[in-house]
Amino acid sequence: MEAKLIKLAGLGDERGNLVSLEANRNVPFEIRRVYYLYGTRADVSRGYHAHKNLKQLIVAVSGSCRFVLDDGAARTEVILDDPAMGLLVESNVWREMHDFSRDCVLMVLASALYDESDYIRDYDEFIRTVGVELSHE
Ligand code: TYD
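Everything numeric here is computed off the predicted structure, so don't read it as measured data.

Draft legend 1. Examining the overall build of the protein chain more closely. Regarding its fold elements, the protein chain presents one helix and 10 strands. Listed by position from the N terminus, the elements making up the protein chain come as β-β-β-β-β-β-β-β-β-β-α. A compact globule built from 137 residues would reach a C-alpha radius of gyration of about 14 Å, and the protein chain, at 15 Å, matches this within 12%. Judged by the C-alpha coordinates and their principal axes, the protein chain covers about 55 × 35 × 25 Å. Looking at the protein chain as a whole, 37% of its 137 residues are labelled buried. Counting contacts in the protein chain only where the partners sit at least 6 residues apart, residues at least 24 apart contribute 77% of the total. Counting 16 positive and 23 negative side-chain charges, the protein chain places the centres of these two groups 4 Å from one another.

Draft legend 2. Examining the layout of surface pockets more closely. The computed volume of the largest pocket comes to approximately 180 Å³. When residues of the lining of the largest pocket are traced back to their parent elements, those giving at least two are strand S2 (33-38), strand S3 (46-51), strand S4 (56-62) and strand S8 (94-98). In the lining of the largest pocket, the residues fall into seven nonpolar, three polar and three charged.

Draft legend 3. The environment of Val27, seen in detail. Structurally, Val27 can be placed in the loop between strand S1 (4-7) and S2. Classification of Val27 by relative accessible area gives buried; the value is 0%. Residues Val27 and Asp43 lie 16 residues apart in sequence; the distance between their C-alpha atoms is 31 Å. Beyond its immediate sequence surroundings of up to four residues, Val27 is in contact with Leu21, Glu22, Leu57 and Leu109.

About the criteria used
- Residues numbered from 1 in each chain as written.
- Predicted model: local features only at pLDDT ≥ 70, side-chain atom pairs only at ≥ 80, totals over all residues.
- Heavy atoms only, no water.
- Helix = DSSP H or I, 4+ residues; strand = E, 2+ residues; numbered from the N terminus.
- Rg over C-alpha atoms; globule rule 2.2 N^0.38 Å.
- Buried < 20%, exposed > 50% of the residue type's maximum accessible area, 1.4 Å probe, protein only.
- Contact = heavy atoms within 4.5 Å.
- Lys, Arg positive; Asp, Glu negative; His and termini not counted.
- Charge placed at Lys NZ, Arg CZ, Asp CG, Glu CD.
- 1 Å grid on protein atoms, 1.4 Å probe; cavity = no way out; pocket = protein on both sides within 12 Å on 5 of 7 lines; lining within 4 Å.
- Points joined across faces, edges and corners; volume = space filled by probe spheres on them.
- Nonpolar A, V, L, I, M, F, W, Y, C, P; charged D, E, K, R; others polar.

What follows is the structure in structure tokens.
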């Protein structure tokens, strides 16, 4: 699978950088929730889940981390280290986050409010879910 990276148009000038995130413009969904991870320990990996319906745009506004994305057919890796790049993670994509830099602030824009029932936290269940979906295509 290919990671979907969105270049976030910079509105910066000689004073510095500015990125604006707008629903249904450069963010391809209605933003219902924003959360961010920071102070993540270097030896910690997070994620290990997929979402049934949620879409997310993820920006490393500071520092870096490594994403593993898996659509059930293939895996890909992407390093997020640029505040002007957004990683679009659609529904039914397994994600893992590794190698957080000490200064990493990972901001997540999400298309829905927090809903534990939207999570798939078991990898075998994820594979079964996407397998069923693929067979219906
Ligand atoms: P979790 O989804 O486990 O984090 P990770 O991205 O590493 O998988 O979230 C940690 C805890 O925070 C979990 O108990 C759910 C809760 N949580 C909320 O209440 N609201 C939110 O918006 C998020 C993202 C998590």
